[in-house]
Amino acid sequence: MQRIFGQKKLRDTNENKSFVMLMLPFVALFFLFTVLPVVVSVILSFFSYDMISTPSFIGLDNYLRMFTEDEVFPKALVNTLKFAVVIGPCGFLLSFVLGWFINEFSPRVRNFLSFLFYAPALGGSLVLIWSVMFSGDSFGYLNSILLNTGLTTDPIVWFRNETYNTVILMFIHIWGGMGVSFLANISGLQNVSQELYEAGALDGIRTRWHELWYITLPSMKTILLFSAVMQIQGSFSVGPTITQLAGYPSVNNSVDTLIPHLSDVGTARYEMGYAAALSVFLFAMMALSRVLIGKVLDFLGK
Amino acid sequence: MKVKRIFLLALVLALLCSQTGIVLAEGEQPSAVTDGGDAQTSTDAGTDVDTDTDAEVVVSDDNYIAYEKENGTSAQAKEEVLLQGEETTFKAGDSLEYTVEVPADGLYELTLEFVGRVTANTVVSLQIDGVVPFAEAQRLQFPNGYINKEGSVPDARGNESAPEQILDPDVVVRVARDYTGISTKPYRFALTAGTHTIVVKMTQGEILLKKAAFTAPEVAPTYSEVMNGKTPTFTGKPIVLEGEAAVKKNSRALIPLSNGSSTAVNPADPVKSLLNYIGGTNWQSPGSELTWDFDVEESGYYYLGIQYRQGAVIGGVSYRHLKIDGKTPFKEAEELKFTYDNAWNYWKFQDEDENNYWFYLEAGKHTVTLTVNPGPVAQVYADLQNVVAALGDLYVDITMVVGETVDIYRSYNLFEQIPRFQERLLESANELDRLTDVMSSLQGSKSSQAATLENMAETLRQMYNRPYTAHRYKGSFYTNYTTLSATVMALTNMPLDVDRIYFMGGEDVEAEDKTTWYGDLWFSVRRLAATFSADYNKTGSDSDDADTLVLWVNWGRDQAQTLDSLIRNEFIPKYGIDVSVRVTNATLIQGMLSGDGPDMVLQMGRTDPVNYAMRGALINLEKFADFNEWTKQFVDGACVPYQYRDGTYAIPDSQGFYVQYVRTDLFEEMELEIPKTWEDFVHVTTILQRKNLQASLPYSPSIDGGLYTTLLLQNNLDLFKEDLSGTLMTETPQIQVFEKWTTFYTKYKIPTTMDFYNRFRIGSAPLGVASYSLYNQIKVAAPELEGRWAIAPLPGTLQEDGTINNKVAGSGTACGITKLAKANEDNAWTFLKWWTSANTQAQYSSRLESLLGAVGRSMVANKEALPNLGWDIEALKVLEAQREQIIEMPEVPGSYYVSRGIDQGFWNAVEQSANVTDTMLKWGAIVDREIQRKTDEYKNKYFDN
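Residues numbered from 1 in each chain as written. Chains lettered and ligands numbered in written order. Predicted model: local features only at pLDDT ≥ 70, side-chain atom pairs only at ≥ 80, totals over all residues. Heavy atoms only, no water.

Asks: I tried to follow the overall build of chain B on my own but got confused; where do I start?
Replies: On a plain count of helices and strands, chain B comes out with 25 helices and 41 strands. A globule of 945 residues ought to have a C-alpha radius of gyration of about 30 Å, and chain B, at 31 Å, matches this closely. Structurally, chain B occupies a C-alpha span of about 95 × 80 × 80 Å along its principal axes. The buried share among the 945 residues of chain B stands at 54%. For chain B, the share of sequence-separated contacts (at least 6 apart) that also reach a separation of at least 24 residues comes to 80%. Per element, the accessible surface of chain B, about 40300 Å² overall, is 50% carbon and sulfur. (Helix = DSSP H or I, 4+ residues; strand = E, 2+ residues; numbered from the N terminus. Rg over C-alpha atoms; globule rule 2.2 N^0.38 Å. Buried < 20%, exposed > 50% of the residue type's maximum accessible area, 1.4 Å probe, protein only. Contact = heavy atoms within 4.5 Å. Areas by Shrake-Rupley, 256 points an atom, 1.4 Å probe, with all protein chains shown as cover.)

Asks: Hey, could you run me through the confidence of the model for chain A in this one?
Replies: Close inspection of predicted coordinates is inappropriate in any region flagged by low pLDDT. Summing up the model confidence of chain A, the mean pLDDT is 84 and the portion of residues at 70 or higher is 93%. For the stretch residues 1–6 of chain A, pLDDT sits under 50, and the model shows five contacts to residues farther than four places along the chain or on other chains. (pLDDT = per-residue confidence, 0-100.)

Asks: Is there a simple way to think about the packing of aromatic side chains in this case?
Replies: Aromatic ring pairs are defined here through the distance separating the ring centres and the angle between the ring planes. Residue and element names in this part refer to chain B. Scanning all chains against the criterion turns up 75 aromatic pairs over all chains. Arranged with centres 4.7 Å apart and planes meeting at 50°, the rings of Phe349 and Tyr357 form a pair that is tilted. Look at Phe349 and you get buried, because its relative accessible area is 4%. Classification of Tyr357 by relative accessible area gives buried; the value is 9%. Centre to centre, the rings of Phe906 and Trp907 are 5.2 Å apart; their planes meet at 90°, and the pair counts as edge-to-face. (Phe/Tyr/Trp six-rings, centres within 6.5 Å; stacked < 30°, edge-to-face > 60°.)

Asks: Teacher, can you tell me more about the pattern of salt bridges here?
Replies: Two side chains of opposite charge can pair, provided their charged atoms sit close to one another. Per the counting criterion, the structure on display carries 41 salt bridges over all chains. The residue Arg208 of chain A makes a salt bridge to Glu104 of chain A at a minimum N-O spacing of 2.7 Å. Of this pair, Arg208 of chain A sits in helix H11 (residues 208–219) while Glu104 of chain A sits in the loop between helix H5 (72–102) and helix H6 (107–122); the two residues are 104 residues apart in sequence, bridging distant segments of the chain. Residue Arg188 of chain B is joined to Glu109 of chain B by a salt bridge in which the shortest nitrogen-to-oxygen separation is 3.4 Å. Of this pair, Arg188 of chain B sits in the loop between strand S11 (172–175) and strand S12 (189–191) while Glu109 of chain B sits in strand S5 (residues 106–116), and the two are 79 residues apart along the sequence. The same class applies to Arg188 of chain B as to Glu109 of chain B, namely buried. Linked by salt bridges that have partners in common, Arg65, Arg269 and Glu271 of chain A together with Glu930, Arg933, Lys934 and Glu937 of chain B make up one network. (Salt bridge = Lys/Arg side-chain N within 4 Å of Asp/Glu carboxyl O.)

Asks: Sorry if this is basic, but what is going on with helix H14 (residues 258–267) of chain A here?
Replies: Across the 10 residues of H14 of chain A, seven count as buried, placing the element largely inside the fold. Of the residues making up H14 of chain A, those classed as buried are Leu258, Pro260, His261, Leu262, Asp264, Val265 and Gly266 of chain A.

Asks: Where do I start with the nonpolar core in this structure?
Replies: In a soluble, globular protein the nonpolar side chains are often hidden away together inside. Residues and elements named next belong to chain B. Ranked by size, the top nonpolar core spans 125 residues in total, and within it Tyr661, Trp741 and Phe831 carry the most contacts. The greatest single-element share of this core, amounting to eight residues, is contributed by helix H24 (residues 896–910). Ala246, Val372, Tyr395 and Tyr502 belong to the second largest nonpolar core, which has 84 residues in total. (Core = buried A, V, L, I, M, F, W, Y, C linked by side-chain atoms within 4.5 Å.)

Asks: Please explain the packing of helix H11 (residues 557–575) of chain B against helix H21 (residues 825–836) of chain B as it appears in this structure.
Replies: Each pair of packed helices gets described by two things: the angle between the helix axes and the distance between those axes. Residue and element names in this part refer to chain B. It is at 12 Å that the axes of H11 and H21 come closest, and there the two elements cross at 120°. The angle between H11 and H21 places the two elements in the oblique class. Handedness of the crossing formed by H11 with H21: right-handed. Residues Leu563, Leu566, Ile567, Glu570, Phe571 and Tyr575 of H11 form the contact with H21, whose own contacting residues are Thr830, Phe831, Trp834 and Trp835. (Axes fitted to C-alpha atoms, helices over the stretch in contact; angles between N-to-C directions. Parallel < 35°, antiparallel > 145°, perpendicular 65-115°, else oblique. Left-handed = near helix turned anticlockwise from the far one by under 90°.)

Asks: Got a minute to help me understand the interface of chain A and chain B in this structure?
Replies: Many authors give the size of an interface as the accessible area that is lost as the parts come together. Tallying the contact residues gives 38 residues for chain A and 42 residues for chain B. Where chain A packs against chain B, one counts seven salt bridges. On the surface where chain A and chain B come into contact, there are 17 residue pairs in polar contact (both at pLDDT 80 or more). Breaking the side of chain A that touches chain B down by element, the ones donating at least two residues are helix H8 (141–148) and helix H9 (162–191) of chain A. Here the element with the most residues in the side of chain A that touches chain B is H9 of chain A; it accounts for three residues. Classifying every residue of the side of chain A that touches chain B by side-chain character gives 15 nonpolar, 12 polar and 11 charged. (Polar contact = N/O pair within 3.5 Å; in protein donor to acceptor, adjacent residues only side chain to side chain. Nonpolar A, V, L, I, M, F, W, Y, C, P; charged D, E, K, R; others polar.)

Asks: What's the story with the pairing of strand S32 (residues 651–656) of chain B in this structure? I'm lost.
Replies: On any regular strand, side chains alternate: one points to one face of the sheet, the next to the other face. Residues and elements named next belong to chain B. When you tally the buried positions in S32, you get six out of six residues, the bulk of the element. Relative to strand S40 (residues 811–817), S32 runs antiparallel, the two sharing five bridges. Residue Ile651 lies in a different strand from S40, and its bridge partner there is Cys815. (Pairing = 2+ DSSP bridges.)

Asks: Looking at this model, I keep getting lost on the pairing of strand S21 (residues 318–324) of chain B. Mind explaining?
Replies: Residue and element names in this part refer to chain B. Most of S21 sits inside the fold, with six of its seven residues counted as buried. Here S21 runs beside strand S22 (residues 336–338); their pairing, made up of three bridges, is antiparallel. If you follow Ser318 over to S22, its bridge partner there is Phe338. Sheet topology note: the S21/strand S25 (residues 364–372) ladder contains five bridges and is antiparallel. The residue bridging His321 from the neighbouring strand is Thr371, located in S25.

In structure tokens, the structure reads:
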């Protein structure tokens with residue numbers, strides 16, 4: 001955007017009129033529904049606002065409260081980071097390795113396997129499947145298997161138990177979130193020019209690991225960045241599925257993340273100002289992670 | 001290979017993890033040793049319940065089918081035996097006794113002629129010489145007559161809505177018959193010549209009885225007997241009856257309906273919704289009846305044609321019994337057959353060789369009646385019911401041996417433990433096979449219903465063939481059983497849509513209703529065009545007049561339309577205040593934010609009124625002069641949850657509470673008594689568990705309606721401090737009650753989640769606590785349980801003075817006025833009063849029930865509305881008694897945290913075996929902090945509403 005509207009290009013506007021016109025619908029919508037809300041929530045985070053009475057300015061109180069008073073916030077922050085650290089990189093690595101692996105098959109098998117692994121992303125009924133699988137009564141699949149094999153005597157209410165819920169939810173998210181970046185990885189792998197491999201072989205590459213490190217990864221840098229950003233950023237905003245499965249608040253806030261916390265503050269407590277402050281914090285955290293991912297991937301290519 | 005090894009390693013690890021987890025869980029949880037000591041002592045308390053006066057009446061164990069078999073050979077009676085010829089008011093609780101002289105042995109039908117007084121249908125029990133001849137005779141139904149109410153107004157867009165169904169002011173004649181579908185004919189009572197004592201006792205309803213008699217059964221001649229060789233021809237003009245114009249019905253549900261998607265229906269309109277047919281799934285249960293009026297100008301022979309559709313039951317056949325002027329014209333008219341087709345079709349009453357059946361009609365007024373008749377399906381249905389009952393008994397027997405969850409590695413030797421185990425399996429399997437064949441031949445092809453029977457039979461065979469491992473099939477037995485019983489329920493459903501009825505002379509009117517492809521196309525185009533202009537979210541008037549009250553509802557379409565039609569037909573004409581109903585998903589908050597919100601809100605959730613009130617969004621209703629007078633119609637303290645500071649911001653429009661559900665048949669068998677206290681409840685639970693059965697206690701952390709609050713109330717404890725500045729959750733007595741509550745789930749192992757309805761039905765959970773709304777569901781959807789279950793007041797807590805405290809925490813919704821209505825607040829208050837009045841609530845509920853079936857019955861908050869909803873007298877007694885015990889809990893700013901605290905405490909104690917006192921102290925403090933914070937936040941905010 002800097003380049004289009006920047007000083008340098010301004011005089012070229014006439015020549016680039018058609019491009020500007022083409023971009024306009026998107027830019028307008030993007031501004032209206034993405035930029036504007038972000039700006040509004042930054043402003044709102046300095047107010048106390050219950051959605052009915054007029055907002056009143058309270059300075060940094062919301063931010064102070066976040067770090068000093070709110071008991072759920074530290075737990076939610078830790079949980080969010082926990083989920084982000086596990087789901088993001090795990091999902092990313094897994095989807096790359098799987099993509100690499102599947103890419104070796106013949107096209108027909110590859111297409112079939114790709115579909116199989118992409119299916120979770122298509123099925124919107126993530127919650128439904130897993131709530132049946134981990135249902136707390138004796139008719140839930142897992143409980144039923146455990147009871148039938150005699151491993152347990154009573155059904156376990158999986159999502160109401162701190163010992164199990166984090167692991168189960170991480171697994172569900174990795175499984176469900178892999179689809180998109182997995183597809184991106186496969187198409188990235190297919191776009192690596194075969195000539196490079198041939199040239200590499202002539203230049204002395206001996207193993208597949210060498211090939212991966214010196215040819216495949218550097219050629220896929222943009223795709224990797226995309227897939228990593230999708231995975232890791234996505235993992236910061238996990239929440240709705242958790243709330244549906246484990247409820248909000250979960251047992252001793254063990255799996256509550258920032259998103260459910262802020263939506264709870266906004267809708268159940270009617271504290272929009274504070275909810276805005278929390279979302280600004282989350283936004284900052286995600287922006288920071290974006291920078292970090294870029295750095296790591298830069299290193300990867302060298 | 002490597003991959004495989006890693007995979008195996010992971011699997012082993014996973015198994016290890018789960019196992020260690022389990023060991024931990026077992027170590028921490030208290031074992032399931034039953035506390036028999038103190039439980040046993042308390043069961044003796046209060047053994048003799050209200051003993052009924054007619055306890056010595058003998059009720060036959062036979063059902064009607066068995067009775068009919070026994071007596072079916074007797075001759076049919078020829079003469080009528082009059083029981084009552086004078087007019088008398090007869091209402092629930094009354095008994096009429098007659099001594100009559102029967103002239104000759106024979107089979108008689110019981111006929112009543114009466115005028116309905118209340119919307120509840122009449123149910124009576126019949127004793128002949130002190131004996132109820134068969135089980136169904138304890139509950140003989142005599143449905144009221146209904147007619148359309150005149151003067152139904154289309155809405156502002158010309159859309160018609162169904163007129164209200166009101167009681168027929170004329171005398172209706174009803175013969176005692178079966179309404180479930182096991183028999184096609186009225187009940188026939190075998191009477192011997194001589195003097196008999198007949199007692200008719202009414203258990204539900206109120207009527208003005210004109211006449212009661214034992215009548216001679218109708219004998220219809222065959223068609224050939226009627227015609228006697230004549231070959232009729234006639235060239236009179238055809239007579240056309242519109243289906244929706246049916247004048248008399250025997251159910252409130254039989255309302256005119258609207259179909260706007262086809263040109264085949266008359267009248268058809270692509271834009272407006274017009275009432276153009278009748279029937280559908282409202283007209284499917286056996287015995288349900290419609291009557292049309294018509295004039296014949298020219299005497300002569302006519303034949304019958306019907307423009308119909310039967311698309312609701314795939315592959316099913318619907319049967320109807322035709323009567324003209326209340327009489328069956330000839331035998332063939334008893335079973336008109338309509339086959340499945342999802343399109344509108346033209347049907348003619350013809351014999352197998354496509355010759356028309358002719359009726360001779362004199363010039364003048366006539367009526368034509370069509371009654372749902374299960375036809376040949378009745379026999380299948382009756383037989384299947386027996387199979388279902390037998391399988392239910394078998395399941396309970398299996399459960400008593402193996403328990404709720406099966407250990408598949410154990411040898412249970414079911415064939416040794418259960419009497420005639422293998423014979424019973426085989427008998428049921430063979431019977432199911434036979435019935436599958438019968439059904440297939442009736443329906444012409446194998447329907448999905450037949451497949452259900454086959455699956456059940458397959459499971460039974462597997463169990464039969466593998467006697468040593470039969471217990472492994474218990475799970476599939478259960479799933480097949482629930483599907484099978486649902487199928488059986490639906491078997492006698494015979495829906496039929498009727499657009500038009502024709503009585504034709506010479507010319508056939510078939511062509512008149514023929515549709516053309518270009519006609520259909522043009523119709524579809526106009527329909528599509530209409531979707532761009534018609535606003536389906538608004539049902540009321542369009543006017544943006546400032547005086548029009550705006551009402552937002554986010555209900556289903558049926559509920560919203562019912563409300564809208566009530567408003568247009570009752571409220572607006574009476575008060576002259578315009579109300580516009582809008583169906584929206586938006587919340588009140590969003591409406592307030594945009595400044596374009598509603599003036600009134602109905603059915604607000606429990607926490608909403610206080611939340612809105614403290615932010616100044618609602619109006620204090622106490623300022624209206626008649627507020628105190630009006631709220632006397634609710635249970636004492638019903639407004640408590642809607643009070644904030646000195647005001648009341650909403651009034652209740654629904655109120656629910658728990659009652660106890662008991663399978664009396666199983667209780668009798670095990671010689672158990674219905675629990676009166678929680679100690680009894682636990683005692684019964686342990687006995688049930690010894691037989692591998694379960695009791696159900698629903699888990700809910702809510703303050704309103706939750707069991708924890710109920711237990712607090714029964715121990716005379718409060719949840720909130722008197723000044724509402726915080727909770728008392730951390731006090732010792734409160735924690736003790738909390739602990740008592742959690743022991744139900746830990747020590748006594750009652751499951752926290754359970755599909756109570758199905759488990760109650762099959763019998764593996766013969767005792768449970770649930771909302772009283774479940775009553776209607778069981779009543780309607782589980783007819784095989786008739787007379788085998790009951791509701792009872794909630795178990796109570798024994799007080800020091802020996803009395804039992806039965807208090808229960810209420811739950812429910814409320815309605816209020818928003819600050820946007822300030823200029824019109826008096827009108828809005830008038831509307832709220834109208835909406836919460838006993839009459840409106842009862843009307844709304846009964847209309848909804850006619851649309852949605854039993855689930856439509858609402859849990860009215862108005863005390864006077866409850867008896868008018870059609871409850872059984874026995875159930876009503878229990879409900880009214882329990883309702884007297886309701887205590888409503890207050891709502892305070894931040895009280896949403898209380899249920900969270902309860903939830904956390906509960907799961908920590910139940911699932912993680914945490915120390916209850918520690919958890920409650922921790923969460924109680926967090927809850928109090930939140931309440932304090934919210935109270936402080938709004939301490940200085942006052943609104944002049």
